[in-house]
Number of protein chains: 2
Amino acid sequence: MSVTAAGGFTASGIAAGIKQSGDADLALVVNNGPRLEAAGVFTSNRVKAAPVLWSEQVVKGGRISAVILNSGGANACTGPQGFQDTHATAEKTAEVLPGHSAGEVAVASTGLIGELLPMDKLLPGVEKAAEALSEHGGEKAAIAIKTTDTVHKTAVAGGDGWTVGGMAKGAGMLAPGLATMLVVLTTDADVDASALDRALRDATRTTFDRVDSDGCMSTNDTVLLLASGASRVAPEYEEFAEAVRTVCADLARQLIGDAEGASKDIRIEVINAASEDDAVEVGRSIARNNLLKCAIHGEDPNWGRVLSAIGTTSAAFDPDRLNVAINDVWVCKNGSVGEDRTGVDMRFREVRITADLAAGDTEPVVVWANDLTADYVHENSAYSS
Amino acid sequence: MSVTAAGGFTASGIAAGIKQSGDADLALVVNNGPRLEAAGVFTSNRVKAAPVLWSEQVVKGGRISAVILNSGGANACTGPQGFQDTHATAEKTAEVLPGHSAGEVAVASTGLIGELLPMDKLLPGVEKAAEALSEHGGEKAAIAIKTTDTVHKTAVAGGDGWTVGGMAKGAGMLAPGLATMLVVLTTDADVDASALDRALRDATRTTFDRVDSDGCMSTNDTVLLLASGASRVAPEYEEFAEAVRTVCADLARQLIGDAEGASKDIRIEVINAASEDDAVEVGRSIARNNLLKCAIHGEDPNWGRVLSAIGTTSAAFDPDRLNVAINDVWVCKNGSVGEDRTGVDMRFREVRITADLAAGDTEPVVVWANDLTADYVHENSAYSS
């Protein structure tokens, strides 16, 4: 599992002392080749953390030899000093890994915005992380990138003789473009950077980008895909892309399942839209409706709030033809009262909302969200204080 | 105060039995002339309640002789029967008011979506409301339109010999375009329908439209402005428009102050934007950020979440030039750490966030929001069950 499931990679996770709790807070993933192909997708927030600005430049070359990731501090909104700290972290990583150069070391950070990282702890930690590198270090790396995550997240898929594995962290600020989410995927398939880029963008578009836990977008989101070519197998593009998509979908589902303070995972499926854009817009509008998210928390099949959310979009639909099902009971038919809402069983964690726009024949689009709970409020009221 | 502050109007508020609690739930406002000029602004939600569809047609003629408003049921997503019920309510109102015709009777409803109104109670209630009409009935009307409001809301302004008064209800689903909000404004000034329309649109654009309690938009929002001409005074347009704006701003502030489960009123001022549109987009993005709303609830001056919200907009700005003040302490300067955040006193209900985009010299724009609390979650989890 994790980033060492694929051949050619070593990883580690250690406690550098960045987190006051003493928990693991620094992860290192190293690509030992023979190839160093890489691709990346980053937050679309215009306020980007220093490590995002750095890693965006690194990945432009199509090569990443190592990724150093810290939890316990986002290094966002930290000005020129923050960027220098990221640079120093990459330099230190290259220094302790023979044959590496800083320009091929990606950096990722997660934690509180607006505070400088404790470099006096982080830099010695890099040395310690390099010493701990192992072909079995994937789980430890996945644990070290946790912030408010209650569990670490890993996934694996693959084909004949090759593997795609990965790890993710993220428990809040999950929203399109992307979530406060750090993801490192690795593969031993023999794939070049341009195919990696295509497969990664294709996969994130329908997985991580359709996870909308709380409508908030992070400054630090980073998804990297590294290929070592160690398997010496070059799979067909479609087969490879499907494996990447499977790992991303698996990790995205785990992120929703561990969202801060959530008690429900809401699967919103939009059917019969006139276009995919319409379907995504409607899905997100439903996903972000606080009143609906509260109702779902209360196990209340309040379909009026679904219609109210659909009504705020610019998607093609006729209000008198909308249908809504909650857990497969069509509680709203033709924009009005449908089947008896008392028949909706909402006791389970997963809740399915189906919105039928009756406006076209676009393939169904699925967006995932969470309910809104007092625990979410509590966790996010107290985070930095 | 309220809708009977201006001459020429009578009003009443009674219990028709629509609410199971037995509380007042039906209000009637009658314009006794000599003029019956009127204007209206309605929800921009494309899923519109039956009374909105009806009243939009009524106001197109520029005349309203009476407004009948019920709480206890929104009559939204109720299909053809819902529209027939609205029509019957207008007919009944015209029938019990000598000389009125249904085509000049506006109807407004608020409450749960997706349920038919109990017409067997509502129609006899109309008769009772007509019998209770009084020149001093404004307060009772304001009380009868409450839903989850903890207080009724009224305001008044005016000039030499003329008055603008009004009432509002709304405590949740407050968001641009407009809120779940019913507002009736009355004036005895001698103003024609086209000037009323202009003044009302101008006022709502910068008041009710910039109130964003929870990002949710209702199916029922209705703001009506009726002129009786009873004062025989025809004020200058600018003076009249200013009075309408004052009453709307006063009522909007009261709505925020009574938002469901809120513990803080957040005044977001966007300064030095390149355009008014940019300023409004940034203000709304901050207003809707759940993580920030939680932080404010926790009295945590978490400016990183303000920057994170600004970063999701398309407004013109340079991330390295952004400045943010919370309660006048500039905690973020040039996109990075500014003055000591421990100096921010957040004990009071009103919290002021100032976002300086450093991108132009547009006049400041103010958007109001509320914090996100466990009480909000509780109130909206339990609403329909």
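Cut-offs used in this document
Residues numbered from 1 in each chain as written. Chains lettered and ligands numbered in written order. Predicted model: local features only at pLDDT ≥ 70, side-chain atom pairs only at ≥ 80, totals over all residues. Heavy atoms only, no water. Helix = DSSP H or I, 4+ residues; strand = E, 2+ residues; numbered from the N terminus. Rg over C-alpha atoms; globule rule 2.2 N^0.38 Å. Contact = heavy atoms within 4.5 Å. Areas by Shrake-Rupley, 256 points an atom, 1.4 Å probe, with all protein chains shown as cover. Buried area = accessible area lost by both parts, 1.4 Å probe. Salt bridge = Lys/Arg side-chain N within 4 Å of Asp/Glu carboxyl O. UniProt positions renumbered as here; feature names shortened; annotations may be inferred. Least-squares fit on C-alpha atoms with pLDDT ≥ 70 in both. Phe/Tyr/Trp six-rings, centres within 6.5 Å; stacked < 30°, edge-to-face > 60°. Lys NZ or Arg CZ within 6 Å of the ring centre and 35° of its normal. Pairing = 2+ DSSP bridges. Axes fitted to C-alpha atoms, helices over the stretch in contact; angles between N-to-C directions. Buried < 20%, exposed > 50% of the residue type's maximum accessible area, 1.4 Å probe, protein only. Polar contact = N/O pair within 3.5 Å; in protein donor to acceptor, adjacent residues only side chain to side chain. Parallel < 35°, antiparallel > 145°, perpendicular 65-115°, else oblique. Left-handed = near helix turned anticlockwise from the far one by under 90°. Nonpolar A, V, L, I, M, F, W, Y, C, P; charged D, E, K, R; others polar. Expected span 1.5 Å × (residues − 1). Disulfide = S-S within 2.5 Å. Right-handed = clockwise from strand over helix to strand, strands pointing away.

The next subject is the overall build of chain A. A tally of helices and strands in chain A yields 10 helices and 16 strands. Here the C-alpha radius of gyration of chain A, 21 Å, is about what a compact globule of 385 residues would show, namely 21 Å. Referenced to the eigenvectors of the C-alpha coordinate spread, the extents of chain A come out at roughly 70 × 50 × 35 Å. Restricting the contact set of chain A to residue pairs at least 6 apart, pairs at least 24 apart contribute 79%. Total accessible area on chain A stands at roughly 13,000 Å², and carbon and sulfur atoms take up 47% of it.

Further remarks concern the interface of chain B and chain A. Facing the 53 residues of chain B at the interface are 53 residues of chain A. Summing both partners gives a buried area of about 4,000 Å² for chain B against chain A, and 57% of it is carried by carbon and sulfur. The three residues of chain B that bury the most area against chain A are Arg46(B), Asn290(B) and Leu291(B), which together make up 16% of that side's buried surface. Run the count over chain B and chain A and you get 0 salt bridges. At the level of secondary structure, the elements contributing two or more residues to the side of chain B that touches chain A comprise helix 8 (290-297), helix 9 (303-310), strand 14 (336-337) and helix 10 (374-381) of chain B.

Moving on, we get to the UniProt feature "binding site: substrate" (unreviewed entry) in chain A. Taken from the UniProt record, the annotation "binding site: substrate" (unreviewed entry) applies to Thr147(A), Lys169(A), Thr180(A), Glu260(A), Asn380(A) and Ser385(A). Assignment of secondary structure puts Glu260(A) in the loop between helix 6 (237-257) and strand 11 (265-271).

Take the relation of the copies chain B and chain A next. The operation relating chain B to chain A is a screw motion whose rotation component is 180°, with 0.0 Å of axial translation and a residual RMSD of 0.0 Å. Between the two chains, the operation in question is that of a two-fold axis. Within chain B, Ala374(B) has its C-alpha nearest the rotation axis, a separation of 2.2 Å. Of all interface residues in chain B, 100% are interface residues in chain A too; the two copies therefore contact each other through one and the same surface.

What the rule picks out here adds up to 4 aromatic pairs over all chains. Here the guanidinium or amino end of Arg198(A) rests over the ring plane of Tyr237(A), the centre of that ring lying 3.9 Å away.

All names here are of chain A. Pairing is mixed across the open sheet formed by 4 strands, whose spatial order is 1-2-4-5. The open sheet has two free edges, formed respectively by strand 1 (9-14) and strand 5 (105-109), since each of these has just one partner strand. The mean inter-strand angle of the sheet, taken between neighbouring strand axes irrespective of direction, is 10°. Across the sheet, helix 2 (residues 79-96) is in contact with strand 2 (26-31), strand 4 (66-70) and strand 5; its angle to strand 5 comes to roughly 130°.

All names here are of chain B. Summarising the element assignment, Asn370 is placed in strand 16 (residues 365-370). For Asn370, a relative accessible area of 1% translates into the label buried. One polar contact links the side chain of Asn370 to the main-chain carbonyl oxygen of Lys264, over a distance of 3.1 Å.

With that out of the way, let us pick up the packing of helix 5 (residues 193-206) of chain A against helix 6 of chain A. Residue and element names in this part refer to chain A. For the pair helix 5 and helix 6, interaxial distance at closest approach is 9 Å and the crossing angle is 45°. Taken together, helix 5 and helix 6 sit at an angle that is classed as oblique. As for the relative orientation of helix 5 and helix 6, their crossing is right-handed in sense. For the pair formed by helix 5 and helix 6, the contact residues are Ala195, Leu196, Arg198, Ala199, Leu200, Asp202, Ala203 and Thr206 on the first element and Tyr237, Phe240, Ala241, Val244, Arg245 and Cys248 on the second. Here the residues of the contact of helix 5 with helix 6 are counted per class, giving 10 nonpolar, 1 polar and 3 charged.

Given a rise of 1.5 Å per residue, 21 residues ought to cover 30 Å, and the 30 Å separating the end C-alpha atoms of helix 6 of chain A matches this to within 8%. Taken residue by residue, helix 6 of chain A has Tyr237(A), Phe240(A), Ala241(A), Ala243(A), Val244(A), Val247(A), Cys248(A), Leu251(A), Ala252(A), Leu255(A) and Ile256(A) as its buried positions.

What follows is about the pattern of salt bridges. Residue and element names in this part refer to chain A. Throughout the structure, instances matching the rule amount to 42 salt bridges over all chains. Salt-bridge contacts for Asp190 lead to Arg35; the nearest nitrogen and oxygen are separated by 2.4 Å. Taken together, the residues span a long stretch of sequence, with Asp190 in the loop between strand 8 (182-187) and helix 5 and Arg35 in the loop between strand 2 and strand 3 (37-42) at a distance of 155 residues. With a relative accessible area of 28%, Asp190 lands in the partly exposed category. Look at Arg35 and you get partly exposed, because its relative accessible area is 28%. With a closest N to O distance of 3.0 Å, Asp265 and Arg349 form a salt bridge. With Asp265 in strand 11 and Arg349 in the loop between strand 14 (336-337) and strand 15 (350-356), this pair connects stretches of sequence that are 84 residues apart. Salt bridges here are not isolated pairs; linked through shared partners, they connect Arg253, Asp265, Arg349 and Glu350.

This next bit is on the pairing of strand 15 of chain A. Residues and elements named next belong to chain A. Of all 7 residues in strand 15, 5 are buried; the element is thus mostly enclosed. Taken together, the 7 bridges between strand 11 and strand 15 define a ladder with parallel strand orientation. Within strand 15, the residue paired with Arg267 across the bridge is Arg352. Pairing of strand 12 (residues 323-326) with strand 15 involves 4 bridges; the strand directions are antiparallel. When the sheet's bridge partners are listed, Ala325 is paired in strand 15 with Thr354.

Summed over all chains, the structure comprises 0 disulfides over all chains. Here Cys332(A) stays free of any disulfide, with the sulfur of Cys77(B) as its closest cysteine sulfur at 6.2 Å.

Glancing now at the pairing of strand 5 (residues 105-109) of chain B. Residue and element names in this part refer to chain B. Counting buried positions over the 5 residues of strand 5 gives 5, a clear majority of the element. Here 5 bridges tie strand 4 (residues 66-70) to strand 5, and the two strands are oriented parallel to one another. Considered in strand 5, the bridge of Ile68 is made with Val107. The β-α-β motif built from strand 4, the intervening helix 2 (residues 79-96) and the parallel element strand 5 has right-handed crossover chirality.

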